[in-house]
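# Commentary on secondary and tertiary structure
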Amino acid sequence: MTTITRPEGDAQPPATSVKALDRQMERSVIGESNLKRSLRRLRKHRMAVVGAVILVLIILYVLIGSLIFPESSSNFLDTSKRLMAPDAAHPFGTDQVGRDIFIRTIYGGQISLFIAVTAVAVQLAIGVTAGLLAGYFGGLVDTIIMRFAEAMLSIPQIFLALIAVRIFANAIPDFKIGGREFSNTLVVMIIVLGATSWMRLSRIVRSVVLSVKEQEYITAARSLGLPPRRILLRHVLPNCVAPIIVSATLGVASAILLEAYLSFLGLGVRPPTATWGSIISEAKEFLAQGNWWYWFFPAVFIVLTVLGINFLGDGLRDAFDPKSLK
Amino acid sequence: MIKYITRRILQSIPLLFLITFVLFALMNGIGDPLAVYGEARNKPNPQQRMEIMRRLGLDQPIYVQYVYWLIGNDWAQVDVRGDGTLMELGRRKGVLRGDFGMSFRTRQPATQRISERLPNTLILMIPSYVLTVLLALAIGVYSAVRQYSFFDNLVSGMSFFFYSMPIFFIALMCIYIFGVQFQRWGLQPLPIGGMYDPGKTRNFANLLPHLVMPVFCLVAIQLAGYVRFIRSSMLEVLGQDYIRTARSKGMREQRVVRRHALKNAALPLITLIGLDIPFLLAGAVVTEQIFSWPGMGALFIESLTYSDFPVLMVILLLLSIAVVFFQLLTDIVYTWFDPRIRFN
Amino acid sequence: MKFMVSFALLVALVVAAFPVVNSVKAQDAKVVVMGFSQEPDTFNGFYSAMAFAQWAMDLGVASLYDYDENGVAVPVLIDAIPTVENGGIAADMLSYTFKVKSDLKWSDGDPLNAEDVVFTFQMVLDKKNNFAQGANIAAAVDSVEAVDDLTVKVTFKEPQPFPENFLSDIGLPAVLPAHILKPVYEAEGTIEQADWNQNPTAFSGPFKVTEWLRGESMTFEPNENYVGGVANFNVVIRFFPDPETAKAALAAGQIQFLTNVAQADAGTLGNLSPDIQVIQVFGGYIEKMTINVRTDDMPGPGHPALRDVKVRQAIRLALNRSEITTNLLGGTTAPTDSLYAGTVFENKNIKTVERDVEAAKKLLDEAGWVVGSDGIREKDGVKLDLRLNSTNAGWRQAYLAVLQQNLAEVGIKTTIGSFPATEYFGQFTNGGILASGLFDLGTYANNTVLTNIVNVSVNEDLACDQVVSEANPAGNNHAGYCNPELDELVKITKTSSDPKVAQEAADKIQELLYNEVPAIPLFPRGDIYGINKSAFAETPRIGSGVGNQFFDIVNWKLN
């Protein structure tokens, strides 16, 4: 029977189920000098390039679109023109109250992408910090953080999200950025999505930390009396890049979808602000009536975004982890 | 080994208490169980509403409600009218004495409402989970072995397509195509919603057509995640030195894959399954709602809509216990697969 | 291939593991499959405030008397409706005497007589039962006795001119089977957790429940002992939590009768299939916009501008209600300004206010709210920025968007809030949106003004003693509107036995509300049903939702 040969100096993983899952995500040490090599590999990765191009095009679409059409036109309604098929005036047709779906996908896309990216940032911030602290300090810190993560993991995310929506909804005021007004539900969504999805990432990061902690250069750094913060940021963190990238790319996709589910349950971003997810959940009532354009265009954007991100994520993972290439 | 298991179980008890308290506190923030009367045609009058609240203990502070939930209130006086004129003893025994509370909605024991739904959910979730894992294994291994081939790209693309579609959307599409349009085209339509055709013998032949659409939808949206997971596990293993050694010794590719790679790639999969199985008990919230499947997910949403805390608490408690149990089980299975891991 | 073999084995294993339930025998009887969007919470009407439970119970439980689709009373279990003329109502109106029809039987063969009716009243009077219904009966009734086997006498504390409040489907939700529940009551002191509530075994109505699969379906078979005749078909109620699924099932012919169709679907449901027919019955259920006029000394004060009646009138003028009813609701209903619209008490002199943007602007200017630099009206530095809230139902979101744009055109900014029903209708102590005054304009539907098709009664939404406060947290008056004149008029409608006096008072109530605008009626909502024409030989008669919609079900003709 063959056994897994593990990287030199890897500590024997403690026996918790976390380890087992995480080992799969663990990557060999990548020094900073490897970064350039990784990027070069990424450029050669065909699917990754395709993914990146798709993403860039979508970002350009939502940004340039909003320069051409003012925000008010996204919410302007005319019920006498409701549910009209695509034509020259409304290239993507109109929705149930006669709003232009083309412009709504532009502004909805901004919100969807903004929510997804910032929610993932929150997830990364919490997950990486918790994982680093738990793994590096061990002992009581580790127990508390990991028990807490376990407690949160044992509750379905959608339920956590539903409760969190209720709790934060009245606590945060609306805000303005650059003259545009944003509803507080946007922030609520970001916090909710971020704060309910960091647990798996923190476990992965912790396991990576555990495995590099005992390596010679870390021990050396510690014996030199370097402060823990510096060791964590300079030496430990770079080793977590691969699992972080994988989590982040998957996270963006699942954040867009979770937002759609919350919209479906009537708890998404407050109307009339659109998101791709909320347009689709509105459109479901008209599925049987043959108003295909209502759901088709936002759906295409979600699929393209998720595909693009995942292709890019695959490429990044392969680039940082040459072992997975044959 | 036994010592380890005992320790893990003992460790999880305070965790469960913590979870229940946090859930209980949060639960009070999600809504008002009596709000159901808001749009009702026969509203109870305010005094009646207050009396119902007091009898259900909803006027008490959260920590008192938690204590009642835990150890019951058959030792405490309930001031029904709120003016000290009508006092009666509480009738609850508390979770620690096996009384999981009464559903606000139907005034049945909460445990009974759950036991009605749990088997239905398993009938839906187990086949779809088994199918997902098996299909994912087949596809994941194949596309790892043929990385970046046409098949690999096609399957990745397809699975991502389903992965990125909200399930309610896929589900409604299925209903309109296979339920409504099939009938119009003169094909045999699939039944829309429910588990059995009403009025017919409830056997497997009656059940199967009802299973097709929800299982398809669940498999469709879950598949991508597993395929991805298995594919990358396989890719990692295939890149290992010992695989290269095996190949260079002239071992046939199929044998390499099956004998060495698959076995090692299965380890993380087992862990993932161990993490996922407890959530099969929770059912599929959106799928069950759309396909009118009388399972736990539908019960969950219904209880949430009516803020039926006692039922929600039992569902979540059940999940927490299942999570703890299956983690333990996974660890044990894992040592069995990978002898290098020891309990210490 | 080995893999395929193990796969097949596993599938076989899973299949074999299925619990196979064999209980229902194949039936040849005709069947009407109905779609309900929610499952009844109980089969004891006193524990439910849920329309779906009421509807399911209407199939299995007969009331003392019912109403047909025109609001005409029809005796069911009693031989005549008590009136002063026939001596059923005592001259001082302090007691009713009525007779249960002779030789009535429960579906299990036990006799149904005065004992059951008296037992039911006793249960309502005993607070230990923790009923959700019947508080008004409990408060008014002094005593109940069985004069003989069939005759019941109910005595009140104060004169009661309206028997329907105490005896009909509207007042008394059901007659409980004493032969089953009395032993439970005597043993436990309450029938709150009686098994019968969830697993009923004795029925007085046209059908009996033969099977209740939780979360999935209820099967009803004809009750041979029903007083109104025996139906020649079975009924199955199936539960569809998602309305889209239910519509698809109707279009595919998998169900024949769909209840509770959304107003927005009334116009388009027929497009799904040529077999679908839409039936709409109005019963005084009105979608309206409540205006928060609470002042700063009350919990949850509304925007100060709303206390000015001119601003409220301006808001009414600004709304384009007919645009909503014609374009969004497919012309299935029309705007109204009478809170009794669609009932016999409607004041026909009240003309619906048409949209008039200029008039609205003028009123707002007069009230001192002038357009500011950003296009939003303001007064003394306060912006006219209102919270426009409702539940998160999809069709409400659509019309709120229209209202928002309407109001923006006259310089009123609104922020739409959408909440789950448990939060929106939650209690004051629980931070419920309406009860806690966390709204300026809030829309929802109910028929609190009219609880009864024959007498205008409780007007709780706008009654002074119902205003929500710390002291009265369960009050139903969310607007904070209080007008003693209105309370006085309501009292007349509640106590006057002279229909003319009652009608005059009702007319005055409508005029007063029209002028004061504490709430803006948007449009009456019907009870809408979708039926599959191919299943029915003739269009079924359906009662108004205020009473029993299945009052005629035994006479439905099926193909």
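Residues numbered from 1 in each chain as written. Chains lettered and ligands numbered in written order. Predicted model: local features only at pLDDT ≥ 70, side-chain atom pairs only at ≥ 80, totals over all residues. Heavy atoms only, no water.

### Let's talk about the overall build of chain B
If you tally the helices and strands in chain B, you get 12 helices and two strands. The N-to-C order of helical and strand elements in chain B reads α-α-α-β-β-α-α-α-α-α-α-α-α-α. Within chain B, the proportion of its 344 residues that are buried is 61%. A sequence separation of at least 24 residues applies to 66% of the contacts in chain B between residues at least 6 apart. Of the roughly 13500 Å² of accessible surface on chain B, a fraction of 67% belongs to carbon and sulfur atoms. (Helix = DSSP H or I, 4+ residues; strand = E, 2+ residues; numbered from the N terminus. Buried < 20%, exposed > 50% of the residue type's maximum accessible area, 1.4 Å probe, protein only. Contact = heavy atoms within 4.5 Å. Areas by Shrake-Rupley, 256 points an atom, 1.4 Å probe, with all protein chains shown as cover.)

### Things to note about the overall build of chain A
Scanning chain A from terminus to terminus reveals 14 helices and two strands. Pairs at least 24 residues apart make up 73% of the contacts formed inside chain A by residues separated by at least 6 positions.

### Quick word on the pattern of salt bridges
Residues and elements named next belong to chain C. Considering all chains together, one arrives at 34 salt bridges over all chains under this definition. Between Lys 247 and Asp 265 there is a salt bridge, and its shortest N-O distance comes to 3.1 Å. Of this pair, Lys 247 sits in helix α8 (residues 243-251) while Asp 265 sits in the loop between β10 (257-258) and β11 (276-291), and the two are 18 residues apart along the sequence. This pair shows no difference in class: Lys 247 is buried, exactly as Asp 265 is. (Salt bridge = Lys/Arg side-chain N within 4 Å of Asp/Glu carboxyl O.)

### A few points about the state of the cysteines
Tallying each qualifying case throughout the model produces one disulfide over all chains. Bridging Cys 464 of chain C to Cys 482 of chain C, the disulfide has an S-S length of 2.1 Å. Between Cys 464 of chain C and Cys 482 of chain C the sulfur-sulfur dihedral comes to about 100°; the bridge is accordingly right-handed. Here the residue Cys 464 of chain C occupies a position in the loop between β17 (441-446) and α14 (484-495), and Cys 482 of chain C occupies one in the loop between β17 and α14, the gap between them amounting to 18 residues. The cysteine Cys 174 of chain B is free of any disulfide, with Cys 217 of chain B supplying the nearest cysteine sulfur at 3.9 Å. Residue classification places Cys 174 of chain B among the buried residues on the basis of a relative accessible area of 5%. In this structure Cys 217 of chain B comes out as buried when scored by relative accessible area, which is 0%. (Disulfide = S-S within 2.5 Å.)

### What about the environment of Asp 331 of chain B?
All names here are of chain B. Its place among the elements puts Asp 331 in helix α12 (residues 309-337). For Asp 331, a relative accessible area of 4% puts it in the buried group. Taking the C-alpha atoms as reference points, Asp 331 and Arg 146, separated by 185 residues in sequence, lie 32 Å from one another.

### Regarding the packing of aromatic side chains
Residues and elements named next belong to chain A. For the coordinates displayed, the defined rule picks out 48 aromatic pairs over all chains. Note on Phe 69 and Phe 102: the rings are 5.6 Å apart at their centroids and 90° apart in plane angle, and the pair reads as edge-to-face. In this pair, Phe 69 sits in the loop between α3 (46-68) and α4 (72-75) while Phe 102 sits in helix α5 (residues 101-137), placing the two residues 33 residues apart along the sequence. With a relative accessible area of 26%, Phe 69 lands in the partly exposed category. (Phe/Tyr/Trp six-rings, centres within 6.5 Å; stacked < 30°, edge-to-face > 60°.)

### Digging into the interface of chain C and chain A
Between chain C and chain A, the residue contacts involve 25 residues of the former and 24 residues of the latter. Summed over both partners, the interface of chain C with chain A buries about 2000 Å², with 47% contributed by carbon and sulfur atoms. Our enumeration of links across chain C and chain A arrives at one salt bridge. When the shortest N-O distance is used, the salt bridge between Lys 284 of chain A and Asp 242 of chain C registers 3.4 Å. (Buried area = accessible area lost by both parts, 1.4 Å probe.)

### So, the domain arrangement of chain B
Residues and elements named next belong to chain B. As assigned here, chain B comprises domain 1 (11-111) and domain 2 (115-168 + 221-337). Facing the 24 residues of domain 1 at the interface are 18 residues of domain 2. Across the interface of domain 1 and domain 2, roughly 1900 Å² is buried in total on both sides, 75% from carbon and sulfur atoms. As a salt-bridge pair, Glu 302 and Arg 105 come within 2.7 Å of each other at their nearest N and O atoms. Of all the elements in the fold, those that place two or more residues in the side of domain 1 that touches domain 2 are α1 (2-27) and α4 (110-145). Top element by residues in the side of domain 1 that touches domain 2 is α1. It accounts for seven residues. (Domains from an automatic or database assignment.)

### Notes on the confidence of the model for chain A
The predicted model of chain A averages 75 in pLDDT, with 85% of residues at 70 or higher. The model gives residues 1-32 of chain A a pLDDT under 50, and that stretch makes 84 contacts with residues more than four places away or in other chains. (pLDDT = per-residue confidence, 0-100.)

### A short note on the sheet that holds strand β12 (residues 370-371) of chain C
Residue and element names in this part refer to chain C. Spatially, the three strands line up as an open sheet ordered β12-β13-β14, and their pairing is antiparallel. A single partner strand is all that each edge strand has here, and the edge strands are β12 and β14 (382-383). Bridge count for β12 against strand β13 (residues 377-379) is two bridges, and the pairing is antiparallel. In the strand pairing of β13, Val 371 is matched with Arg 377. (Pairing = 2+ DSSP bridges.)

### Let's talk about the environment of Phe 240 of chain C
All names here are of chain C. Mapped onto the elements, Phe 240 comes out in the loop between β9 (233-239) and α8. A relative accessible area of 1% means that Phe 240 is categorised as buried. Linking Phe 240 and Gln 38, residues 202 residues apart in sequence, is a C-alpha distance of 6.8 Å.

### A few points about the sheet that holds strand β5 (residues 141-146) of chain C
All names here are of chain C. The strand order across the open sheet formed by three strands is β4-β6-β5, and the pairing between neighbours is antiparallel. Each of the sheet's edge strands pairs with one partner strand only, and the pair in question is β4 (95-99) and β5. Each strand axis lies, on average, 15° off the axis of its neighbour in the sheet, ignoring direction. Note: β4 against strand β6 (residues 151-156), five bridges, orientation antiparallel. Bridge pairing in β6 places Ser 95 opposite Thr 155. Strand contacts of helix α3 (residues 114-125): β4, β5 and β6, with the helix running at about 155° to β5, the strand carrying the most contacts. (Axes fitted to C-alpha atoms, helices over the stretch in contact; angles between N-to-C directions.)

### Some points on the environment of Glu 285 of chain A
All names here are of chain A. Among the secondary structure elements, Glu 285 is positioned in the loop between α13 (276-283) and α14 (292-320). Take Glu 285: its relative accessible area is 21%, and that puts it in the partly exposed class. Spatially, the C-alpha atoms of Glu 285 and Gln 96 are 9.6 Å apart, while their sequence positions differ by 189 residues.

### Topic: a nonpolar patch on the surface
All names here are of chain A. There is a patch of nonpolar side chains on the surface, built from Val 49, Val 53, Val 56, Leu 57, Ile 59, Leu 60, Leu 63, Ile 64, Leu 67 and Ile 68 and spanning about 930 Å² of accessible area. Residue placement: Leu 63 occurs in helix α3. The partly exposed category is assigned to Leu 63, whose relative accessible area is 46%. (Patch = residues over 30% accessible without salt bridge, like charges linked within 9 Å, V, L, I, M, F, W, Y side chains within 5 Å.)

### Details of the nonpolar core
Phe 159 of chain A together with Met 234 of chain B are the most contacted members of the largest nonpolar core, which has 210 residues in total. With sequence-adjacent residues up to four places away left out, Met 234 of chain B is seen in contact with Val 141, Ala 144, Val 257, Ala 261, Leu 262 and Ala 265 of chain B. Membership of the second largest hydrophobic core comes to 85 residues, among which are Leu 176, Phe 550, Ile 553 and Val 554 of chain C. (Core = buried A, V, L, I, M, F, W, Y, C linked by side-chain atoms within 4.5 Å.)

### Some thoughts on a positive patch on the surface
Residues Arg 37, Arg 40, Arg 43 and Lys 44 of chain A make up a contiguous surface patch of positive charge. Locating Arg 40 of chain A in the fold gives a position in helix α2 (residues 34-44). (Lys, Arg positive; Asp, Glu negative; His and termini not counted. Charge placed at Lys NZ, Arg CZ, Asp CG, Glu CD.)

### Quick word on the confidence of the model for chain B
Residues and elements named next belong to chain B. Residues at a pLDDT of 70 or more form 90% of chain B, whose mean pLDDT is 79. Here strand β2 (residues 87-89) stands out as the least confident element of chain B, with mean pLDDT 68; α4 is the most confident, with 89. For this predicted complex, the interface confidence reaches an ipTM of 0.82, while the overall pTM sits at 0.82.

### Some details on unusual backbone geometry
Note: most residues except glycine have negative phi, and most peptide bonds are trans. All names here are of chain C. One non-glycine residue, Met 93, adopts positive backbone phi at about 60°. Relative to the assigned elements, Met 93 resides in the loop between β3 (73-75) and β4. Residue Met 93 is classed as buried on the basis of its relative accessible area, which comes to 16%. Not every positive phi belongs to a glycine, and Asn 260 is a case in point at roughly 55°. Structurally, the position occupied by Asn 260 is in the loop between β10 and β11.

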